[in-house]
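Okay, here's what each chain looks like letter by letter:
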Amino acid sequence: MLELHGIPVSPGVAIGPALVLNREGYRIPHCQVASADIEEETLRLRRAVDALSRGLEASRMETAAIAGDSTGDIFAAQLQMLHDPRLHAELQRRIRQENQSAAYAVSQVLHRYASDLRRLDNSLLAQRADDVVDIEQQLLEHLGAVTRRPLTELTEPVIVLTHNLTPSETANLDRRYVRGFCTEIGGPGGHMAIVAKGLELPAVVGIGDFLQSVGGAAMVIVDGDRGIVILDPDKETLRRYEEGRERRQNLAIRLAQLRDLPAVTIDGVAISLSANIEFPHEVAACLERGAMGIGLYRTEFLYLASNVEPSEQDHYEAYREVVEAMGGRPVVIRTLDLGADKMGSRPLTEPEPNPFLGLRSIRLSLKHPELFRPQLRALLRAAMHGDIRVMFPLITTLSELRQAKFLVNTIAEDLAEEGIPHRHDIPIGIMVEVPATVLMLDRFVKEVDFLSIGTNDLVQYTLAVDRSNECVADLYQSSDPAVLRLIRRCVEVAGEAGVPLGICGEMSSNPARSLLLLGLGVRSLSVPPNALPKLKKAIRSVTLEQCEEIAARALTMEAARDIDLYLLERLGKLAPELIVS
Ligand code: PEP
Ligand code: MG
C-alpha cells in the first residue's frame, strides 16, 4: 500500500482498478520481481511476444492484401525486430539476473534501441526507431502495463492515473467507466479541475512524480475530499473507505430531499442558487439538484470538446437546448473564454510566455471577430427561446466592455436587416475577475445589467498565483483577506448602484466559505451542480445574523488558513451533518 498526497480538486471518493495512461515521456515503473516469480515473469513475456507476433502477422497479411506486399512488409520488418535473438537475450538477462519486471525490461531495452537509432541521424533509421517504439508500446500493452486504447473505448470501470490531462481530455473522459483520476501536475483552480467537478469525478492533481511508483497497483482509492491517493490499499483501508462512501451516499439521499425547498436562511433571507455548466447535457443534473438557473455556462467547451470549429448553428442549438431545458429559468451564457490553459486544438495565438496574462478570453474574442460574431449571433437568436443573459469574461477595461457591447448592437442590427428573429435588448453582464475591474467597478456598474465575481481568476490575479500550477498551489487561497476585501467592495458598489451581483467561482461551492460570502452581503451563488445540495443545506441551517458575525470575524484575521479553519469550525457547529469525515 502506498499513500500519496496531492491537491483535492473534485470531491468524493472513487475506488477502482488503475489505468495508467501511456503518454509521451511516461516511464514504466522500476519494478522488481521476487526470485520465486521469475519463471512466471518470463512466461508472461513469452505470451506477450507470441500475442504480438500473431497480431503483426495478421496485420502483415491484411495490409498486403489491401495495399500490396511492399506495404505489408512494414509489419514483416517489425516481426523480424520482435524476434531478434539479441533482444531476447537481453530481456531474459534483465529478468533472470536483475529481477526486473518484464515491462520494465522491455521499456528500458527498446527505449535504448530507439534512441541509438535516432542518434545515427539517418531518416531511414529514424523510421526504424518509430517501429521499435511501436513494438515497445504494443508489448507493454500485451503485458498489461499501459493502454493505448483510446479512453472512449473503455469497457470496464477504471481510475485514470496520468501525468496531466488537458481540459478537453478531461471533458472527453467516458463518465460511464472513468470513476476518478489523479495527475502528476495541475493546480487547484485549473480547468481540468473545474471539468472534473462538472463531471462529478473525484480527482486529485499535482501529486508530483508518482507514476513510476504505481508498480503493480491493481486497485486505487482516490480521495477527492482530502487529496489522498492510495495505491494497492490494504483490506482495512479499503473497508474504511467503503464505509465512508456509504455514509456519503446516505448524506446525499438526505440532502436530495431538500431539492424542492427554497434556499432560504432560518430568518427568511432568500438566496439564489444556480449552477455552472460546461455542456448542455449537464442541465439534467442541475435540475435534479434544484438549480434555480444556470449562473455560468462556459461556452468555450463547445470548442474544446470537438476538433471541428463550431458554426453559428452549433452555438445556437447548444444554447437553445440549454435554455429550453431550463424551462423559463435564467441562463447566463458566458462568451468564449478561450486561451491560457483552455486553447484546445485551435491555435489562435502563438505560444505565449505568460498565457494567463496574454491573449485570452474577451481579448481573444475581440481580436478575432470571425470567432466572436457567430457566437453573438447565435446568442441573440437563441434568446428568443428563453431567459438568456450574456456575460463577458475577463473584462478589465471599460473600453473592452464598450467594444463588446458595440458588437452585440451591430449584430442585432444585422439580424434585423436579415429578418432573422432575435432579441435585441438582451441583458449584458460582466465577470469580475481582475482587481482592476473591482477598482473601477463604480464605472462598470453604469454600463452593465449584472455582475458575477469569478473568484477562480480573481484569486489568481490578486495573489499573483497561477491557478493551475501545483508548485504554488498552497498560495492559491480564495479565503485570503485581500480577496475578501475585494469581494466586500464589489458587494458595496453593486448594492449602491442597484446592480445584481453574484459569485460563480469555485469559492462559493464550499459550504463553509458560502457562509462567509452570505455574511459579506452576497445573495446569489452559482456552483457546480453536485455542490448544490450541500450548499442549500448550509444556507437553511443558519441565520443571516450568524453569517454576518462570521464575516465580521473573518475580516479581522490575517491569513487564509486561519480564516478557513475558523469557517470550518463554525460550519461544524451550525451544520454538523455537512462535515463528513
Ligand atoms: C472564474 O474565473 O472564477 C470563473 C468562473 O471562470 P473560469 O473558471 O472559467 O475562468
Ligand atoms: Mg475566469
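Please read all numbers here as calculations on a predicted model, not as lab measurements. (Residues numbered from 1 in each chain as written. Chains lettered and ligands numbered in written order. Predicted model: local features only at pLDDT ≥ 70, side-chain atom pairs only at ≥ 80, totals over all residues. Heavy atoms only, no water.)

**Concerning the overall build of the protein**
Inference 1: When helices and strands are tallied, the protein shows 22 helices and 16 strands.
Inference 2: Each principal axis of the C-alpha distribution contributes one length, and for the protein these read about 80 × 60 × 40 Å.
Inference 3: Put simply, the protein has 581 residues, and 54% of those count as buried.
Inference 4: When contacts within the protein are restricted to residue pairs at least 6 apart in sequence, those whose partners lie at least 24 apart make up 68%.
Inference 5: For the protein, the exposed area adds up to about 25100 Å²; of that, 51% sits on carbon and sulfur atoms.
Inference 6: The centroid of the 63 positive side-chain charges in the protein is displaced by 4 Å from the centroid of its 80 negative side-chain charges. (Helix = DSSP H or I, 4+ residues; strand = E, 2+ residues; numbered from the N terminus. Buried < 20%, exposed > 50% of the residue type's maximum accessible area, 1.4 Å probe, protein only. Contact = heavy atoms within 4.5 Å. Areas by Shrake-Rupley, 256 points an atom, 1.4 Å probe, with all protein chains shown as cover. Lys, Arg positive; Asp, Glu negative; His and termini not counted. Charge placed at Lys NZ, Arg CZ, Asp CG, Glu CD.)

**A short note on the packing of aromatic side chains**
Inference 1: As enumerated under the stated definition, the model contains 3 aromatic pairs in all.
Inference 2: With centroids separated by 5.8 Å and ring planes inclined at 85 degrees, the aromatic side chains of Y297 and Y319 adopt a geometry described as edge-to-face. With Y297 in strand 10 (residues 294-298) and Y319 in helix 11 (residues 312-325), this pair connects stretches of sequence that are 22 residues apart.
Inference 3: For Y319, a relative accessible area of 0% translates into the label buried.
Inference 4: Judged by centre distance (6.2 Å) and plane angle (70 degrees), the ring pair of F372 and F392 falls under edge-to-face. Within this pair, whereas F372 is found in helix 13 (residues 369-382), its partner F392 is found in strand 12 (residues 388-392), the two being separated by 20 residues in sequence.
Inference 5: Exposure remark for F372: the relative accessible area of 0% places this residue in the buried category.
Inference 6: Given a relative accessible area of 0%, F392 falls into the buried group. (Phe/Tyr/Trp six-rings, centres within 6.5 Å; stacked < 30°, edge-to-face > 60°.)

**Let's talk about the pairing of strand 5 (residues 178-183)**
Inference 1: With 5 of 6 residues buried, strand 5 lies mostly within the body of the structure.
Inference 2: In this structure, strand 4 (residues 158-162) lies alongside strand 5, joined through 5 bridges in parallel fashion. Looking at strand 5, one finds that T162 is bridged to T183.
Inference 3: With 2 bridges joining them, strand 5 and strand 6 (residues 203-205) adopt parallel strand pairing. Counterpart to F181 in the pairing with strand 6 is A203.
Inference 4: Since strand 5 and strand 6 lie parallel, the crossover through helix 7 (residues 191-199) that links them has a hand, and here it is right-handed. (Pairing = 2+ DSSP bridges. Right-handed = clockwise from strand over helix to strand, strands pointing away.)

**Section: the pairing of strand 14 (residues 450-453)**
Inference 1: By the alternation rule, side chains of strand 14 split into F450 and S452 and L451 and I453, which are all buried.
Inference 2: Note that strand 13 (residues 428-432) and strand 14 share 4 bridges and pair parallel. Among the inter-strand pairings, G429 is bridged to a residue of strand 14, identified as F450.
Inference 3: Sheet analysis places strand 14 next to strand 15 (residues 501-503), joined by 3 bridges and oriented parallel. In the strand pairing of strand 15, L451 is matched with L501.

**Some points on the coordination of the magnesium ion (ligand 2)**
Inference 1: E433 (OE) and D457 (OD) make up the full set of protein donors to the magnesium ion (ligand 2), lying at 2.0 Å. Here E433 is found in the loop between strand 13 and helix 15 (435-439), whereas its partner D457 is found in helix 17 (residues 455-463), with 24 residues between them in sequence. (Donors = N, O, S within 2.8 Å, 3.2 Å for Na, K, Ca; no water.)

**Focus on the environment of Q313**
Inference 1: For Q313, the position within the fold is in helix 11.
Inference 2: Between the C-alpha atoms of Q313 and A382, which are 69 residues apart in sequence, the distance is 10.0 Å.

**Describing the sheet that holds strand 8 (residues 228-231)**
Strands in a sheet are paired, the pairing made by backbone hydrogen bonds, and the direction either parallel or antiparallel.
Inference 1: One open sheet accounts for 8 strands, arranged 1-8-7-3-4-5-6-2; its pairing is mixed. Sheet topology places strand 1 (2-5) and strand 2 (7-10) at the edges, where each strand pairs with a single neighbour. Across the sheet, the mean angle separating the axes of adjacent strands is 30 degrees when strand polarity is ignored.
Inference 2: Sheet analysis places strand 3 (residues 13-20) next to strand 4, joined by 3 bridges and oriented parallel. If you follow A18 over to strand 4, its bridge partner there is I159.
Inference 3: The sheet strands contacting helix 7 are strand 2, strand 5 and strand 6, and the helix crosses strand 2 at an angle near 50 degrees.
Inference 4: Seen against the sheet, helix 8 (residues 235-256) touches strand 3, strand 7 (219-223) and strand 8 and runs at an angle of roughly 125 degrees to strand 3. (Axes fitted to C-alpha atoms, helices over the stretch in contact; angles between N-to-C directions.)

**Points about the site of ligand 1**
Inference 1: Around ligand 1 sit 16 residues in total, of which R298, R334, E433, N456 and R467 are the nearest.
Inference 2: Contact distances for ligand 1 include 3.0 Å between an oxygen atom and a backbone N or O atom of D457.
Inference 3: In the environment of ligand 1, an oxygen atom lies 2.7 Å from a nitrogen or oxygen atom belonging to the side chain of R467.
Inference 4: Compared with its free state, where it exposes 290 Å², ligand 1 has 100% of that area covered by protein.
Inference 5: For the shell around ligand 1, the elements supplying multiple residues, two or more each, are helix 7, strand 10 and helix 17.
Inference 6: Of the residues forming the shell around ligand 1, the biggest block, 3 residues, is contributed by helix 17. (Near = heavy atom within 4 Å. Polar contact = N/O pair within 3.5 Å; in protein donor to acceptor, adjacent residues only side chain to side chain.)

**A look at the nonpolar core**
Inference 1: Of all hydrophobic cores here, the largest spans 99 residues; its most connected members are Y319, F392, L451 and I487.
Inference 2: Excluding its chain neighbours within four sequence positions, the residues that come into contact with F392 are T335, I362, F372, L376, L401, A404, K405, V408, I428, G429, I430 and M431.
Inference 3: Core analysis: the second largest hydrophobic core is formed by 30 residues, V9, V158, L201 and L371 among them. (Core = buried A, V, L, I, M, F, W, Y, C linked by side-chain atoms within 4.5 Å.)

**With respect to the domain arrangement of the protein**
Interface size is commonly expressed as the accessible area that is lost once the parts come together.
Inference 1: Examined at the domain level, the protein breaks down into domain 1 (2-25 + 148-250), domain 2 (35-142) and domain 3 (257-578).
Inference 2: If you average the C-alpha positions of domain 2 and of domain 3, the two centres end up 51 Å apart. (Domains from an automatic or database assignment.)

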